[in-house]
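Next come the chains, spelled out residue by residue.
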Amino acid sequence: MTSFNRTFKRVLAMLMLLVITFTGLCAGTLEALASVENRYNSDSLVRTSLDEIKSVLTSTSYSEYLLSYNDANMATGKIVVDLVNGLDAVDTTATVNVVKNGDDLSKYLVDKNDAALHIPEGVDAILLCGDDGKVSFKITVPASGLYNINVGYFTGNVAVYNNVVDEDGKTVYENGLPQVNYESGKNNPTVGNYAAIERYVLIDGKVPYTEARSVELNRTWNDLYTFTNSKGETVQMYSDSQEFKDFVKAHYGDYELNRPFDNDANGNELKPEKVLVNEWTDTYVYDSTGYFNDPLCFYLSEGEHILSFQAVRETVALSSIVLEAAETLPTYAEYYEAMGGDAKKYKGDAQVIVQAEYATTVSERTIYQLNNRSSVFSQPQDPALIRLNMIGGDKWKYVGQWIEWEVEVPEEGFYSIIPRSLQSYYSGVYVSRKVMINGEVPFQEAGFVRFNYSSEWVTEPLHNGETEFMFYLNKGVNTIRLEVVLGDMASILSRVNNSLTKINAYYRKILMITGTEPDEYRDYRFERLIPDVLKGLREQAAELYAVSKELATLMGGKGSHSATLDRVANVCERMGQYPSTIAGYMSTLKSYSASLGTWLADTQNQPLGIDYICVQAPEAEAPQAEPGFFASLWGGIEKFVMSFFSDYDSLGSSEDLSNIENAEDYAIEVWTVTSRDQAQIVRNLVDDSFATTYGLPVVVKLVAGGTLLPATLAGTGPDVYMGAAQG
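Residues numbered from 1 in each chain as written. Predicted model: local features only at pLDDT ≥ 70, side-chain atom pairs only at ≥ 80, totals over all residues. Heavy atoms only, no water.

### Side note on the overall build of the chain
Basically, it comes down to this: Strands here are runs of E lasting at least two residues and helices are runs of H or I lasting at least four, both read from the DSSP assignment and numbered beginning at the N terminus. We call two residues contacting when some pair of their heavy atoms lies within 4.5 Å. Note that accessible areas follow from Shrake-Rupley with a 1.4 Å probe, and for residues the cover is restricted to the protein chains shown.
When helices and strands are tallied, the chain shows 14 helices and 34 strands. Taking the contacts inside the chain whose residues are at least 6 apart along the sequence as the reference set, 80% of them involve residues at least 24 apart. Of the accessible surface of the chain, which amounts to about 36,200 Å², a share of 52% is contributed by carbon and sulfur atoms.

The structure is reproduced here in structure tokens:
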């Protein structure tokens, strides 16, 4: 009887453990998905069923997916999705509005910005999709193969009105079109939050691989400059407008005066306002992590399929969806010969310089002009005042972010493009950019040009570490776009990410045996219980050693960038070869795995600062990047002398307070310990709201932490202190 009770208790305990484990996994999955759905105030979770949640749970990586279809060829045909008649009413759960030519489009546009929402030429109707579910389309595939997906979309912010629903809460369709309720006061439309548009892709109701769970469609932003011209007139102009281009052209070479930036009362330049651009564009679907440089492929067999886009965040207006094989780019040698070779080299003496801070458009509003005073050669430069003389830096480091400029050249031909750049953020590591000329990547190698690490500014023609490239430009205006990519690092980071995932899985399996506090003196018999884990640890050690060796080859030698990989590989190797040491190495493996995760995240960042872009003849000498000894010495002396007269703590108002009688007697003094950018935002809010409402002058000062108590005791404290810890 005792034996029976013991057996019964063991079985009962095992059943309870399985129930708890299953419940925890389900709860964790639901909670994770809920956080994804609701972090942008989306109500899509309301429409998310358990089947829909299962459809996105896949552990297949893109590499494994491609390997499984290794024998499949790229598609030779093109599938144009019918956004209206191809809409699957049964499978679509998102709010959708079909807008045809001739309809009133003004009510769908959130930000007018002197532009109107229009239907692109050659398109009969557009589809507006909410952020509350998925939109599905029926497609017919004429031949099996691997397809890329090209999406045409609107970069502006659109309003999507609620659909008419029946008693069961299902959208009512009439003549194949979803019905929309436009009645005033009864239907508040859903609008976006100005972030990048994000969706995940499903084929026949399932996400084919993990990378398809997050694809992004970037918006387009420009600058709205507001400043006072030489005539004392207040002028407003957009950075992509002809008026702004004419202004920059008229004052070409004048980098000190006639700048389009507004100034505060101290004479410091202020960043212009970012404005969303309303335009139609198209792009292929890429991996948002940047681990794969080419557009993502999706295998489709011949016959009928359902293509779906599940909303993660933001509303979107679609003009087209095309499934096809992306064009194969030529090599640099093929491109050079096809465009005319040596005979088409520009041989003139024109040297066109575009100030990087005069970017036409950017992909995110967090990319803005910055001040750099590390070199007196930065254009423009002032020993005392803030001049917005560069763009990028650590604001321009995430995969997919881009900046675009316009350059006008005197004649067509091959030119050298030479940015004055600074990559001093990550020691010993280069960063990569994709180059697009007039909206297209001209050749394969332009997909990942390098900017090497340097503690100083450099002026080098765009290159890939081996070849300095020349680019064919048309006579007149051309666009140059630089986009953040991982380049040659993509495959390395992808392999490290896969290894880290497997190592963490092995760690959890070992933890299930040892518990949270392993006893290093106990024999757990790992070689009998988990031989597959020991084999896996050895395999991952070999993989990380190989990656470290490849990384050292790319970087020109071993360094801190490969030391982390070697440490993790060494621990995995010892644990895999000597099972008796596993318990003692568990805490070390946990710590090193966390370090590897940090290394992975840091290496994915690709910061780069640019002062200007020079376009010139390939044979001409590149501009001097840094000043000589005496120029640097004189610049340092100027900064030293002006430091006695400049107020680095006070943030100047955009209004001149000197015209206000006795302003100092009743001015409100505000201290803040935040960063200068955040303090400037406070300054702008004061000028735009408080000062105009109450007419009181406000002095905002940026101070160091810990100064409040001494200043208060001395009787010199502020009227308002911002940034104090709560509690």
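### Regarding the packing of aromatic side chains
Convention followed: Pairing of aromatic rings covers Phe, Tyr and Trp, the last through its six-membered ring, and needs centres within 6.5 Å; plane angles under 30 degrees mean stacked, over 60 mean edge-to-face, and all others mean tilted. Whether a charge sits over a ring depends on NZ of Lys or CZ of Arg being within 6 Å of the ring centre and within 35 degrees of the ring normal.
Overall, the coordinates contain 26 aromatic pairs when judged by the stated rule. Site record: aromatic cluster; members linked through ring pairs are Tyr332, Tyr335, Tyr336, Phe414, Phe443, Phe469, Phe471 and Tyr472. Its end group placed over the ring of Trp396, Arg433 keeps NZ or CZ at 4.2 Å from the ring centre. For the cation-ring pair, Arg567 lies above Tyr592, with the distance from its terminal atom to the ring centre recorded as 5.8 Å.

### A few points about the sheet that holds strand E17 (residues 303-313)
Spelled out, the test is: Strands are treated as partners if at least two bridges between them are detected by DSSP. Under this scheme, a helix contributes an axis fitted over its contacting stretch, all axes are lines through C-alpha atoms, and angles between N-to-C directions fall in the 0 to 180 degree range.
Taking strand neighbours across the sheet as the criterion, the 4 strands line up as E4-E17-E8-E9 in an open arrangement whose pairing is antiparallel. What marks the edges here is a single partner per strand, and that holds for strand E4 (134-141) and strand E9 (215-217). Strand-to-strand twist in this sheet, taken as the mean axis angle between neighbours without regard to direction, amounts to 30 degrees.

### Brief notes about a nonpolar patch on the surface
In plain terms, the rule: To count toward a patch, a residue needs a relative accessible area above 30% and no salt bridge. Like charges then connect within 9 Å, nonpolar side chains (Val, Leu, Ile, Met, Phe, Trp, Tyr) within 5 Å. Here a salt bridge means any side-chain nitrogen of Lys or Arg lying within 4 Å of a carboxyl oxygen belonging to Asp or Glu.
A contiguous nonpolar patch, built from Phe629, Phe630, Leu633, Trp634, Ile637, Phe640, Val641, Phe644 and Phe645 and spanning about 1,100 Å² of accessible area, is present on the exposed surface. On the secondary structure map, Phe645 appears in the loop between helix H11 (629-642) and strand E31 (650-651).

### As for the pattern of salt bridges
The test is simple: Think of it in three bands: residues with accessible area under 20% of the maximum for their type are buried, residues over 50% are exposed, and the middle band is partly exposed, with areas taken using a 1.4 Å probe on protein chains only.
Enumeration over the complete set of coordinates arrives at 20 salt bridges. A salt bridge links Lys274 to Asp223, with the nearest nitrogen and oxygen atoms 2.8 Å apart. Placement of the pair is Lys274 in strand E14 (residues 273-276) and Asp223 in strand E10 (residues 221-228), with a sequence separation of 51 residues. Each member of the pair Lys274 and Asp223 is classed as buried. Note that Arg259 and Glu269 form a salt bridge whose closest N and O atoms lie 3.0 Å from each other. Residue Arg259 is located in the loop between helix H4 (242-250) and strand E12 (262-263), and its partner Glu269 is located in strand E13 (residues 269-270); the two are separated by 10 residues in the primary sequence. Here the two residues Arg259 and Glu269 agree in accessibility, since each one is buried.

### Things to note about the environment of Gln624
Rule in force here: The definition of a polar contact used here is a pair of N or O atoms within 3.5 Å, where within protein one atom must be able to donate a hydrogen and the other to accept one, and adjacent residues in sequence count solely through side-chain atom pairs.
Mapped onto the elements of the fold, Gln624 is located in the loop between strand E30 (608-616) and H11. Separated by 166 residues in sequence, Gln624 and Val458 place their C-alpha atoms 8.3 Å apart. Contact partners of Gln624, with chain neighbours within four places excluded, come to Phe377, Thr459 and Tyr612. There is a polar contact of 2.6 Å between the side chain of Gln624 and the backbone oxygen of Glu626.

### Some details on the nonpolar core
Under the convention used in this document: Nine residue types can take part in a nonpolar core, namely buried Ala, Val, Leu, Ile, Met, Phe, Trp, Tyr and Cys, and a core is a set of them joined through side-chain atoms within 4.5 Å.
Of all hydrophobic cores here, the largest spans 83 residues; its most connected members are Ile149, Leu307, Ile321 and Leu323. Element by element, the count of residues in this core is highest for helix H6 (residues 489-514), at 10 residues. Look past the residues within four positions of Leu307 in its chain and what remains in contact with it is Val81, Val135, Ser136, Phe137, Ile139, Ile149, Val201, Leu202, Ile203, Ile321 and Leu323. Among the nonpolar cores identified, the runner-up in size contains 44 residues, and Ile417, Val431, Ile437 and Ile613 belong to it.

### Describing the packing of H6 against helix H8 (residues 531-555)
Rules: For this classification, under 35 degrees means roughly parallel, over 145 means roughly antiparallel, 65 to 115 means roughly perpendicular, and everything else is oblique. Crossings are assigned a handedness: left-handed for a near helix turned anticlockwise from the far helix by less than a right angle, right-handed for a clockwise turn. Three classes are used, and their members are as follows: Ala, Val, Leu, Ile, Met, Phe, Trp, Tyr, Cys and Pro are nonpolar, Asp, Glu, Lys and Arg are charged, and the others, Gly among them, are polar.
The contact between H6 and H8 brings their axes to 10 Å, and the two run at 155 degrees. Judged by the angle between their axes, H6 and H8 are roughly antiparallel. In the packing of H6 onto H8, the handedness of the crossing is left-handed. Considering only residue class, the contact of H6 with H8 consists of 14 nonpolar, 4 polar and 6 charged.

### Some remarks on the packing of H8 against helix H9 (residues 560-577)
Following both chains from N to C, one finds H8 and H9 inclined at 160 degrees, their axes separated by 8 Å at the closest point. Put simply, H8 runs roughly antiparallel to H9. Pair H8 / H9 crosses with left-handed handedness. Of H9, the residues touching H8 (which contributes Leu534, Leu537, Arg538, Ala541, Leu544, Tyr545, Val547, Ser548, Leu551 and Met555) are His561, Ser562, Leu565, Asp566, Val568, Ala569, Asn570, Cys572, Glu573, Met575, Gly576 and Gln577. Here the contact of H8 with H9 is composed, by residue class, of 13 nonpolar, 6 polar and 3 charged.

### Re the environment of Val354
Mapped onto the elements, Val354 comes out in strand E19 (residues 352-355). Distance from Val354 to Pro419, taken between C-alpha atoms, is 9.3 Å for residues 65 residues apart in sequence. Not counting chain neighbours up to four residues away, the residues in contact with Val354 comprise Trp405, Glu406, Val407, Tyr612 and Ile613.

### Observations regarding the environment of Phe469
Among the structural elements, Phe469 can be located in the loop between strand E27 (458-459) and strand E28 (471-473). When the C-alpha positions of Phe469 and Ser416 are compared, they lie 6.9 Å apart, and in sequence the two are 53 residues distant. What Phe469 contacts, discounting residues up to four positions off in sequence, is Tyr332, Phe443, Glu445, Val449, Leu462, His463 and Asn464.

### Side note on unusual backbone geometry
For the peptide bond that leads from Gln379 to Pro380, omega is -10 degrees, which places it in the cis range. Here Pro380 shows up in the loop between strand E21 (369-371) and strand E22 (388-393). Of note in the backbone geometry, Asp204 takes a positive phi value of approximately 55 degrees without being a glycine. In this fold, Asp204 is placed in the loop between strand E8 (197-203) and E9.

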